[in-house]
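Observations on the three-dimensional arrangement
Below, each chain spelled out in residue letters.
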Amino acid sequence: MPTPSTLSLDDFDLAILTLLQRDNTVAQRDIAQTVHLSAAAVQRRIRRLRDSGVIRAETAVLDASRLGRPLTLLVEVHVHDEHPLRTAGLRQRIQDEAAVQQCYAITGEADYLLVITAATMADFEAITTRLFGGDENVRRFRTSVALNCLKVGLQVPLPGGPLQA
């Protein structure tokens, strides 16, 4: 099976991905009509895109504020030692913490950038205690509170083609 970096994507694949990024609940027969392929061909292509890892997940995007988590916080984490053995515990706690929506290892002054949702500031304090409390390798963390959401999404820009949906 090709890896995502070696998988060759044609215009049909890109058109299918464009449609799925917009709405992954669209019926395969509707995708087939739009991209001018058979439903079976679309099904095979989607399976190949999933199996290769190009399609990593298919999820619903929820509005955290409507679900009692109105705070979005961006947290820069600074560690003393970036060695994988020294950060393994922190990385595992981040993976295990449901309130962490995204985490990136980054360049610059900080070592990690987390996007966290919380119900209240007290909730956020409990989250940071779970994540960073007692970890002597965490030098400090700095938090910014999102005042407003201008854009949210995980869509990847795809090259245009004659079948761009």
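Data block above holds the structure.
From a predicted model like this one, the values you see are computed outputs, not experimental measurements.

On to the overall build of the chain, then. Across its full length, the chain holds five helices and four strands. Secondary structure elements of the chain, listed N to C terminal, follow the sequence α-α-α-β-α-β-β-α-β. Counting only C-alpha atoms, the chain reaches 55 × 35 × 25 Å along its principal axes. Burial analysis of the chain (165 residues in total) assigns 28% to the buried set. A separation threshold of at least 6 residues defines the contact pool for the chain, and within that pool the share at least 24 residues apart is 67%. Total accessible area computed for the chain in this model is approximately 10900 Å², and 53% of it derives from carbon and sulfur atoms. Across the chain, the 18 positively charged side chains and the 19 negatively charged ones have centroids separated by 5 Å.

Direction vectors running N to C along helix α1 (residues 11-22) and helix α2 (residues 28-35) enclose 130°, while the axes themselves pass 10 Å from each other. Relative to α2, the element α1 lies oblique. For the pair α1 and α2, the crossing hand works out as right-handed. Seen from α1, the contacting residues are F12, A15, I16, L19 and L20; seen from α2, they are I31, T34 and V35. Counted by class, the contact of α1 with α2 contains seven nonpolar, one polar and no charged residues.

This brings us to the pattern of salt bridges. According to the stated counting rule, one finds ten salt bridges in the structure shown. Between R142 and E76 there is a salt bridge, with the nearest N and O atoms lying 3.3 Å from each other. Of this pair, R142 sits in strand β4 (residues 138-145) while E76 sits in strand β1 (residues 71-79), placing them 66 residues apart in sequence. On the basis of relative accessibility, which here comes to 23%, the residue E76 falls in the partly exposed class. In this structure, R86 and D81 form a salt bridge, with 3.9 Å as the shortest nitrogen-oxygen distance. With relative accessibility at 32%, the residue D81 sits in the partly exposed group.

The strand order β2-β3-β1-β4 describes an open sheet built from four strands, whose pairing is antiparallel. The sheet is open, and its two edges are formed by β2 (100-105) and β4, each paired on a single side. With direction set aside, neighbouring strand axes in the sheet form an average angle of 20°. With respect to the sheet, helix α4 (residues 84-96) is in contact with β1, β2, β3 (112-118) and β4, its orientation differing from that of β3 by roughly 30°. Packing against the sheet, helix α5 (residues 121-132) makes contact with β1, β2, β3 and β4, and its axis sits at approximately 140° to β3.

Quick look at the packing of aromatic side chains now. The full count for this structure, using the stated rule, is one aromatic pair. When the ring of F132 is compared with that of F141, the centres are 4.6 Å apart and the planes differ by 35°; the resulting orientation is tilted.

Ranked by internal contacts, the top residues of the largest apolar core, which has 17 residues, are V75, V77, L90, L114, I116, L131 and F132. Mapped onto this core, the elements with two or more residues apiece are β1, α4, β3 and α5. Dropping the residues within four chain positions of it, L131 is found in contact with L90, R93, I94, E97, V100, L114 and I116. If you look at the next biggest cluster of nonpolar residues, it comprises 13 residues, including L17, I31, A32 and V42.

The rules behind these values
- Residues numbered from 1 in each chain as written.
- Predicted model: local features only at pLDDT ≥ 70, side-chain atom pairs only at ≥ 80, totals over all residues.
- Heavy atoms only, no water.
- Helix = DSSP H or I, 4+ residues; strand = E, 2+ residues; numbered from the N terminus.
- Buried < 20%, exposed > 50% of the residue type's maximum accessible area, 1.4 Å probe, protein only.
- Contact = heavy atoms within 4.5 Å.
- Areas by Shrake-Rupley, 256 points an atom, 1.4 Å probe, with all protein chains shown as cover.
- Lys, Arg positive; Asp, Glu negative; His and termini not counted.
- Charge placed at Lys NZ, Arg CZ, Asp CG, Glu CD.
- Axes fitted to C-alpha atoms, helices over the stretch in contact; angles between N-to-C directions.
- Parallel < 35°, antiparallel > 145°, perpendicular 65-115°, else oblique.
- Left-handed = near helix turned anticlockwise from the far one by under 90°.
- Nonpolar A, V, L, I, M, F, W, Y, C, P; charged D, E, K, R; others polar.
- Salt bridge = Lys/Arg side-chain N within 4 Å of Asp/Glu carboxyl O.
- Pairing = 2+ DSSP bridges.
- Phe/Tyr/Trp six-rings, centres within 6.5 Å; stacked < 30°, edge-to-face > 60°.
- Core = buried A, V, L, I, M, F, W, Y, C linked by side-chain atoms within 4.5 Å.

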